[in-house]
Amino acid sequence: MSIQPVGSRRHRVVVIGSGFGGLFATQALKRADVDVVLIARTSHHLFQPLLYQVATGILSVGDIAPATRMVLRKQKNAQVLLGDVETIDIDAQAVTSRFLDRVTVTDYDSLIVAAGAGQSYFGNDQFAEFAPGMKTIDDALELRGRILGAFEQAELSDDHDERARLLTFVVVGAGPTGVELAGQIAELSRRTLKGAFRHIDPTEARVVLLDGAPEVLPVYGGKLSRKARGTLERLGVEIQLGTMVTGVDADGLTVKDKDGTERRIDSQCKVWSAGVAASPLGKQLAAQSGAGTDRAGRVEVQPDLTLPGHPNVFVVGDMMSLDNLPGLAQVAMQGGKYAAHQIIAGLDGQDPGQRKPFKYFDKGSMATISRFSAVAKVGKLEISGFIGWVAWLFIHLLYLVGFSSKLSTLLSWTQAFLSTGRNEMAATEQQVFARIAIDRLREHTEAAEGGTGAAREAG
Ligand SMILES: Cc1cc2nc3c(=O)[nH]c(=O)nc-3n(C[C@H](O)[C@H](O)[C@H](O)COP(=O)(O)OP(=O)(O)OC[C@H]3O[C@@H](n4cnc5c(N)ncnc54)[C@H](O)[C@@H]3O)c2cc1C
């Protein structure tokens, strides 16, 4: 299939990704004399910063993942295509995407690539089977099932050691995601599940947060890191720093301490939140344009966020590397809007050489640690505790997409923070086992196809 222009052929902007970068770029083109084709592998826009709340039963999927098509339904110049982009040909100015066995080629005049980043296991991808990451809705739902499933299995066990293993939750990576998740698993066990079992005491669950770094939330450092650590410890989270993970299996992890000692942590439920790798599309773009990539596979872009020699191809958000900018939602949103404005200026006759470089406006960053406690850094201003938490609450509500998402999130938060209840405590077998089953099916299919190919070649 090849995508034809919507109406008469106008300048066509293809946007890859419906995350913060892609959506904000598309919306910034609303009044422009262009046709926008947004291609993404998921049908929703995902508010990743609240994924951990889906994993721990506070929010529903719908609260943080509105359908992109619905968000853009009034933007007449925008068309949404579901598809996994497999190749970008920057000389032919074409993007090839696939949805199931349907392949679509979309030509572009301008391209904005905002395909984000995935989890990195630092070369140990085999860890993923036992320690899922936290990047997608599927990840969050799987994790919810694994967390709640561990409590259920512990209730059924008569064996002391097995119960201890089932009630040990390990979060690898003490960045914002790891800290938020560890804090919420602790609150879930101490508050929400208290009194809900007859044979186990869920409040005795062990929550371990470990990291190779010497402090939690190293991006904040100093006082805020110490405050975050203190709050987590008061919640009962066990913090192990300077600790590297050397192995992960079904029953636990092997870790190495600073002094070189290796030891085991027996744990049924492990979560990986310790590293990112940019979308592999970055490598394609770098190879075709001569741009470099950094250690996380992010594309080293020009000051106007484009590829060298290709002023019509922008790379924004978690996929781009520029001036050590962090992988934050604001960087992606501002990058997406900047790219859109350069395209509009180009249509008004501006030469790409006249573009002002992208300038990131740092609005600060924040992480919640528990109910009523967060840390935030805005420029030199450091806020923590209840005031930080109120700021966190308002800012997250502000940036959630859609009025109904804001309203339902507010209701769920009222329930979760003012009472002990959480609305989203259901988990299904499919959520827990589907990822591994799909991976195995894929391996099986690939092996079968490879076998046939080899046989053909041999014949
Ligand atoms: C758990 C978690 C918590 C976070 N918390 C915070 C926080 O508190 N504050 C903050 O500022 N930032 C936070 N971040 C980071 C923030 O979410 C990212 O920086 C931001 O989402 C980056 O936006 P993006 O548009 O570059 O990528 P994304 O938002 O990741 O979007 C990528 C899009 O590309 C699509 N895509 C990927 N590959 C393909 C392909 N081959 N074909 C088609 N489509 C594709 C995806 O489906 C998705 O729609 C968090 C991230 C995570 C994972």
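Quick caveat: nothing in here was measured; it's all calculated off a predicted structure. (Residues numbered from 1 in each chain as written. Predicted model: local features only at pLDDT ≥ 70, side-chain atom pairs only at ≥ 80, totals over all residues. Heavy atoms only, no water.)

Overview of the overall build of the chain
Our working definition: Helix and strand definitions follow DSSP, with helices as H or I runs of at least four residues and strands as E runs of at least two, each counted in order from the N terminus. The atom set for the radius of gyration is the C-alpha atoms, and the globule formula is 2.2 Å times the number of residues raised to the power 0.38. Burial classification: accessible surface area is computed with a 1.4 Å probe over protein chains only, and a residue below 20% of its type maximum counts as buried, one above 50% as exposed, and the rest as partly exposed.
For the chain, the count of helices and strands is 13 helices and 23 strands. Its C-alpha atoms give the chain a radius of gyration of 23 Å, within 12% of the compact-globule value 23 Å for 459 residues. When the backbone C-alpha atoms are referred to their principal axes, the chain occupies close to 70 × 70 × 45 Å. A total of 459 residues make up the chain; the buried ones form 50% of that total.

Section: the nonpolar core
Put simply, the rule reads: Here the nonpolar core consists of buried residues drawn from Ala, Val, Leu, Ile, Met, Phe, Trp, Tyr and Cys, with membership extended through side-chain atoms lying within 4.5 Å. The start and end points of each domain follow an automatic or database-based domain assignment. Contact definition: two residues touch when any of their heavy atoms are within 4.5 Å.
Counting 69 residues, the largest nonpolar core has Leu-50, Ile-64, Phe-151, Leu-209, Val-237, Trp-392 and Trp-413 as its most contacted members. A per-element tally of this core places helix α5 (residues 137-156) first, with nine residues. Both domains that furnish three or more residues to this core are identified here as domain 1 (2-41 + 83-119 + 277-354) and domain 2 (125-274). Leaving out residues up to four positions away in the same chain, Ile-64 has contacts with His-45, Leu-46, Phe-47, Leu-50, Leu-51, Val-54, Leu-59, Ile-137 and Leu-400. Grouped together as the second largest cluster of nonpolar side chains are 50 residues, Ala-40, Leu-81, Ile-90 and Val-316 included.

Considerations on helix α1 (residues 20-28)
Given 3.6 residues to a turn, an α-helix orients residues that are three or four positions apart in the same direction. Of all nine residues that make up α1, seven are buried, and the element is covered over most of its length. Taken together, the buried positions of α1 are occupied by Phe-20, Gly-21, Gly-22, Leu-23, Phe-24, Ala-25 and Thr-26. Next to the buried residues of α1 lie β1 (11-16), β2 (34-40), α4 (68-71), β3 (78-82), β7 (110-113) and α10 (329-347).

Details of the sheet that holds strand β10 (residues 206-211)
The following threshold applies: Note on pairing: two strands pair once DSSP finds at least 2 bridges between them. Only C-alpha atoms enter the line fits that serve as axes; for helices the fit covers just the stretch in contact. Angles between N-to-C directions range over 0 to 180 degrees.
The sheet built from four strands is open, its strands ordered β11-β10-β9-β15 with parallel pairing. At either end of the open sheet lies a strand with only one pairing partner, and these are β11 (237-241) and β15 (269-272). In this sheet, neighbouring strand axes are inclined to one another by 20 degrees on average, regardless of whether the strands run parallel or antiparallel. Of the strand pairs in this sheet, strand β9 (residues 168-172) and β15 are connected by four bridges, and their pairing is parallel. If you follow Val-170 over to β15, its bridge partner there is Lys-270. Lying on the sheet, helix α7 (residues 176-192) is in contact with β9, β10, β11 and β15; it crosses β10 at an angle near 170 degrees. Packed onto the sheet, helix α8 (residues 222-235) meets β10 and β11 and runs at close to 135 degrees relative to β11.

Points about the site of the ligand
Using the following cut-off: Whether a residue is near a molecule or strand depends on its heavy atoms: it is near if one of them lies within 4 Å of it. Counted as a polar contact is a pair of N or O atoms within 3.5 Å, where, for protein atoms, one must be capable of donating a hydrogen and the other of accepting one, and residues adjacent in sequence contribute only when both atoms are in side chains. Only the protein chains shown count as covering a residue, and every accessible area follows the Shrake-Rupley method with a 1.4 Å probe. By the convention adopted, Pro, Cys, Tyr, Trp, Phe, Met, Ile, Leu, Val and Ala count as nonpolar, Lys, Arg, Asp and Glu as charged, and the other residues, Gly among them, as polar.
Around the ligand lies a shell of 26 residues, among which Ser-18, Gly-21, Gln-48, Val-85 and Asp-318 are the nearest. One of the side-chain nitrogen or oxygen atoms of Gln-48 is found 2.9 Å away from an oxygen atom of the ligand. Out of a free accessible area of 1,000 Å², the ligand has 89% covered by protein chains. The set of elements that each furnish at least two residues to the shell around the ligand consists of α1, β4 (84-89) and α10. Tallied by class, residues from the shell around the ligand come to eleven nonpolar, eleven polar and four charged. Split by domain, the shell around the ligand shows at least three residues from each of two domains, domain 1 (2-41 + 83-119 + 277-354) and domain 2 (125-274).

A closer look at the domain arrangement of the chain
Each assigned domain of the chain is listed with its residue range as follows: domain 1 (2-41 + 83-119 + 277-354) and domain 2 (125-274). The C-alpha-based centres of domain 1 and domain 2 are spaced at 36 Å.

Thoughts on helix α12 (residues 403-418)
The criterion, for reference: In a helix, the anticipated span is given by 1.5 Å times the number of residues less one. Working definition: the arc comes from the directions between the helix axis and the C-beta atoms, pointing outward to the latter.
When the terminal C-alpha atoms of α12 are compared, their 22 Å separation across 16 residues agrees well with the 22 Å that a helix rising 1.5 Å per residue should span. When α12 is considered as a whole, its buried residues turn out to be Ser-405, Thr-409, Ser-412, Trp-413, Ala-416 and Phe-417. The buried residues of α12 occupy one face: seen down the axis, they fall within an arc of 115 degrees. Exposed and oriented more than 90 degrees from the buried face of α12 are Phe-403, Ser-404, Leu-411 and Leu-418. Where α12 is buried, its residues touch α2 (51-55), α3 (61-64), α7 and α11 (385-399).

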